[in-house]
Structure formats: structure tokens, C-alpha cells
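One-letter residues, chain by chain:
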Amino acid sequence: MRNFSTQFNPQTPELENPKIQEDRNREKEEEEERSRCDWEFTHSTVVSSGIAGGATDTIGVIEFDPSDTLVVTGGIARKIRVYSVKTLLPEENHKHGEHHVTSLEHNNACDYYIYTPAKLSSLRWKQGSSGGILGAGDYDGVVTEYDLHRKIPIFERDEHGGRRVWSVDYSHWDPFVGASGSDDGTMQMWDSRCDATDSIAKVRPSAGGRAAVCCVEFNPYGDPLVAVGCADRRAYGYDVRKMADPVLIFDGHQKPVAYVRFMDERMMVTSGTDGSLRLWSVDDGGMIRVYMGHENSRNFVGLSVWRTGGLLGCGSENNHVFVYDKRWGDPVWVHGFGGGSGDGYDPNYVSSVCWRQAGEDGCTLVAGGSDGSLQVIAGKRKVF
């Protein structure tokens, strides 16, 4: 009798490493989840610059006021523009299932202007002022506070020796305390009630203290932490109660850190001119995730986070806006500003972005370009 066991003897499948299988399952789940991105984005409004070529109208900073009803912009044009959100987001952009992009110009879209003596690099609303006072950092190294109701400057500091101020922010635990970062390599904290020549604290984050401080942001959740982005490729976290040395060092970028933004109580996002965004733990300084897809090697292209929806927005040197979900390293939505030559070359870039913090099922991102244009993107949560 023939022994069939020698003819047909299937091999017992080798057991796969549980860790490999777990990683595959997790990747599959993430891919499936990602394909069900929670948001649908549409191009809502374009506000064009009246300047031919827009070379003298680059928008360097955009901010929503605390009530999310006003938008302010600043940049090369030496003016603060103030817009109503109702103007930028007309209620009837969608009719009968058709999408309509509203086209405006700055002259008829802007509520009013405040002229400034220098180019602006940073704007930030003063805490506790009910949207009435706006702090500005400029290219002449001066920090100025403007009363928007009266449209006049009410406070000025010039402790950076004429070196460009890149960033201004205000603390959330004391509305009179602010901070500024500059090309002079320092981050300085000050109190607007005190003499303009006195600083509460002054630090030089980089070794040797010469690398420019590109961004400053206080923890908006009340923790006594202020984050600093530096041209030495690092970001730093300082305890405002003891500023001698940083309590956290965020090391991972290959080029200068241009922006720092707190994502929530436990995480912070940085943007570098190495073309990456990075998510960090503020508990131990560990890197959580890297986001890549946009282009950024030379210019400030903006960084903003929408904390409610867990979304990140940034510009790009290929003149596109990128939106990332904090859960994934690749962008979930990309939008081109348009323009450029017929051969595909576009000399312009997206230079600033800002999320509106209001809403849960709807979101708004405003982006500014190096050509002086302003574009509004509206998002709504998908229904599955």
C-alpha cells in the first residue's frame, strides 16, 4: 500500500512574529482611518492685492481676535489691516449644490487700516483686552501696542538694539506680561506697566547666544512654560519662574526653527526651514511625529494649529496651503494659490496662515501670500 503521507504532506504554516502582525494591523487601521478623513475643505474667498506683482505687500502674519469675529494682517506694506469675519466668510457661498468662490479686493474687504512706521513681522492680541489692544513686532526691533478702538499706538519698547523682532506673545496668567524674540539672539520678557527700558527676564537660548530667536509662545493652558524657536535648529522650553536655563530642549530639526505652537496641554508643534513640522511632548521633550509634504527651505511660511479639531496648517514655497491631521505624517489636504508662469514656475509662496478657533463641526483657515493676496478655506466635518 502506498503511503500517501509521503506524497501529500502540507507544511504547517510558520507562526508570524506577533509584533510584526501587530504593526501590520495598526498600519492597516491607520490607513483605513485616514481614508475616512473627518473633514471636507472648500475654497471660500479670495482677497487680492491691488499692487501689481504684490512685491511690496507680502503678508507676514494673520491673527483672529479672541472673539473670532475679526481678522488682522500685517507684513511688508507697513499697515495693520482689520477685516470682519462676516466679510471674509459670506453666508451664501453654496447655493443649489454649487460652490462659489467670493472675490474681493483689500480696499473694499478691509474695515480699516492702521499705518505703522516699519514692516511688521508679528501680531498678537493682548490677553484681557477684549480684543481692543494688539501687540506688534517690527523690522526696526520695536514692540508696539495699538489701541484698535482709537487706532493709535499706546505703548512702545525698543530693547533689542534695533535688531528685527520676529515674534511677540502675551502670557495667559498675567495680561501685562509679554515676550519678544529677535535677531539679536535674545528672548526678553517685559511688563507693559513698567519702564520701557526694564525687562523681567532676558535669555540667550543658543550656545554663544548669537542665533536669532524666531518665535516665542506662552503655554495657553496656564502652565508656566514659554516656548522659544531658535535659528540654532532647536526649540527650548523655559519655566517663567526661573529663566536661567531651559527645562526642555527640543532637538530634531536640521535647519532653523521658525515657529512654535502649543497643540494642547501635553503637546507642542514646531516648524523648521528643513521642510518639516514636528510634534513634541512637553512632558519630557520627546518627539512624537514628523509631518512632511510642504516645501520650506528659505522663508517664513506660517504655522497654525486648530486645537479643537487637531489640525495643523502651514504654507509652502510652492505656493500651496497644507493641512495636516495631528494623527498622520502626510497632509490630508493641499490647496494651490494659483498664478505663476505657463511653464509651471511660481515665484510666489504662501507666507502666513491662521486657524479660527471657534466651532466644532466647522473650521476656517485664512492664508496669506507673498503676492499680498488673502485666501479663506472653509472646512466642515464629514457625515459618514
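Residues numbered from 1 in each chain as written. Predicted model: local features only at pLDDT ≥ 70, side-chain atom pairs only at ≥ 80, totals over all residues. Heavy atoms only, no water.

(A) Inspection of unusual backbone geometry at higher detail. At Arg-233, a position not held by glycine, the phi torsion is positive, near 80 degrees. Summarising the element assignment, Arg-233 is placed in the loop between β18 (225–230) and β19 (234–239). Look at Arg-233 and you get partly exposed, because its relative accessible area is 44%. Here the phi dihedral of Asn-319 falls at roughly 65 degrees; this positive angle occurs in a residue that is not glycine. Following the sequence through the fold, Asn-319 ends up in the loop between β26 (311–314) and β27 (320–325). Residue classification places Asn-319 among the buried residues on the basis of a relative accessible area of 2%. (Helix = DSSP H or I, 4+ residues; strand = E, 2+ residues; numbered from the N terminus. Buried < 20%, exposed > 50% of the residue type's maximum accessible area, 1.4 Å probe, protein only.)

(B) Broad picture of the sheet that holds strand β29 (residues 350–356). If you trace the five strands from one edge of the open sheet to the other, you get β7-β1-β31-β30-β29, paired in mixed fashion. Edge strands, defined here as strands with exactly one partner in the open sheet, are β7 (102–105) and β29. With strand direction ignored, the average angle separating the axes of adjacent strands in the sheet is 25 degrees. Bridging between strand β1 (residues 39–48) and β7 involves four bridges; their strand directions are parallel. Following the sheet pairing, Ser-48 is matched in β7 by Glu-105. (Pairing = 2+ DSSP bridges. Axes fitted to C-alpha atoms, helices over the stretch in contact; angles between N-to-C directions.)

(C) Local environment of the pattern of salt bridges. For the coordinates displayed, the defined rule picks out 19 salt bridges. Two residues, Arg-327 and Asp-38, come together in a salt bridge whose shortest N-O distance is 3.2 Å. Residue Arg-327 is located in the loop between β27 and β28 (331–336), and its partner Asp-38 is located in the loop between α1 (18–35) and β1; the two are separated by 289 residues in the primary sequence. A relative accessible area of 31% places Arg-327 in the partly exposed class. One salt bridge in this structure joins Asp-174 and Arg-193, with 3.5 Å as the shortest N-O distance. (Salt bridge = Lys/Arg side-chain N within 4 Å of Asp/Glu carboxyl O.)

(D) Fine view of the pairing of β19. The element β19 is extensively covered by neighbouring structure, given that five of its six residues are classed as buried. As defined by bridge partners, β18 adjoins β19 across five bridges and the pair is classed as antiparallel. Residue pairing for β19: Leu-225 is matched across the bridge by Asp-239. Two elements, β19 and strand β20 (residues 248–251), share four bridges in a ladder whose sense is antiparallel. When the sheet's bridge partners are listed, Gly-237 is paired in β20 with Leu-248.

(E) Representation of the side chain of His-160 within the structure. Within the secondary structure, His-160 sits in the loop between β12 (152–157) and β13 (165–170). A polar atom in the side chain of His-160 sits 2.8 Å from the side chain of Ser-180. Setting aside chain neighbours within four positions, we find His-160 in contact with Gly-141, Val-165, Ser-180, Ser-182, Asp-184, Thr-186 and Gln-188. (Polar contact = N/O pair within 3.5 Å; in protein donor to acceptor, adjacent residues only side chain to side chain. Contact = heavy atoms within 4.5 Å.)

(F) Quick peek at the sheet that holds strand β23 (residues 276–281). Taken in spatial order, the four strands of this open sheet run β21-β22-β23-β24, and their pairing is antiparallel. The sheet is open, and its two borders are formed by β21 (257–262) and β24 (287–292), each paired with just one other strand. Taking each pair of neighbouring strands and ignoring which way they run, the sheet shows an average axis angle of 20 degrees. Bridging between strand β22 (residues 267–272) and β23 involves six bridges; their strand directions are antiparallel. In the sheet register, Met-268 faces β23, and the bridge partner there is Trp-280.

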